[in-house]
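What follows is the residue order along each chain.
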Amino acid sequence: FKQKTAYEIASCLVGSEMCIRDSVKGIPRGGVPFENALKQYASNDSSDPLLICDDVYTTGTSMREVYEDGAIGIVVFARNEITDDWIKAIWQMSI
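Attention in this report is confined to the structure presented alongside it. (Residues numbered from 1 in each chain as written. Predicted model: local features only at pLDDT ≥ 70, side-chain atom pairs only at ≥ 80, totals over all residues. Heavy atoms only, no water.)

1. Structural notes on the nonpolar core
- Core analysis: the biggest nonpolar cluster contains 11 residues, these being Ile27, Leu50, Ile52, Tyr57, Met63, Ala71, Val75, Ala78, Ile82, Trp86 and Ile87.
- Those elements giving two or more residues to this core turn out to be strand E2 (51-57) and strand E3 (72-78). (Core = buried A, V, L, I, M, F, W, Y, C linked by side-chain atoms within 4.5 Å. Buried < 20%, exposed > 50% of the residue type's maximum accessible area, 1.4 Å probe, protein only. Helix = DSSP H or I, 4+ residues; strand = E, 2+ residues; numbered from the N terminus.)

2. Some remarks on the packing of aromatic side chains
- In this structure the tally under the stated criterion is one aromatic pair.
- Where Tyr67 meets Trp86, the ring centres are 4.4 Å apart and the plane angle is 45°; that geometry is what we call tilted. On the criterion of sequence distance, the pair formed by Tyr67 in the loop between helix H3 (61-65) and E3 and Trp86 in the loop between E3 and strand E4 (87-92) is long-range, its members being 19 residues apart.
- Trp86 gets classed as buried once you look at its relative accessible area, which sits at 12%. (Phe/Tyr/Trp six-rings, centres within 6.5 Å; stacked < 30°, edge-to-face > 60°.)

This is the structure in structure tokens:
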């Protein structure tokens, strides 16, 4: 199993269906490298959604604190079931 960097994960995520505007918010501390990797893909179009990213989802509280209407949330790994429909995990621990 090869561990991927935030930059390698970011390049896999950004495709035709993911458009992010000029702003990406990384949840400190783990989400900040992810934020930095994703900023280069921002569309600079204010009508595109804000992307909120974090490395690990446990309860979702920190992501909800910065949520804006219409935002998209992405986490690398979810330890628990995600209860917010706007947050998606790349990997989910079996529940």
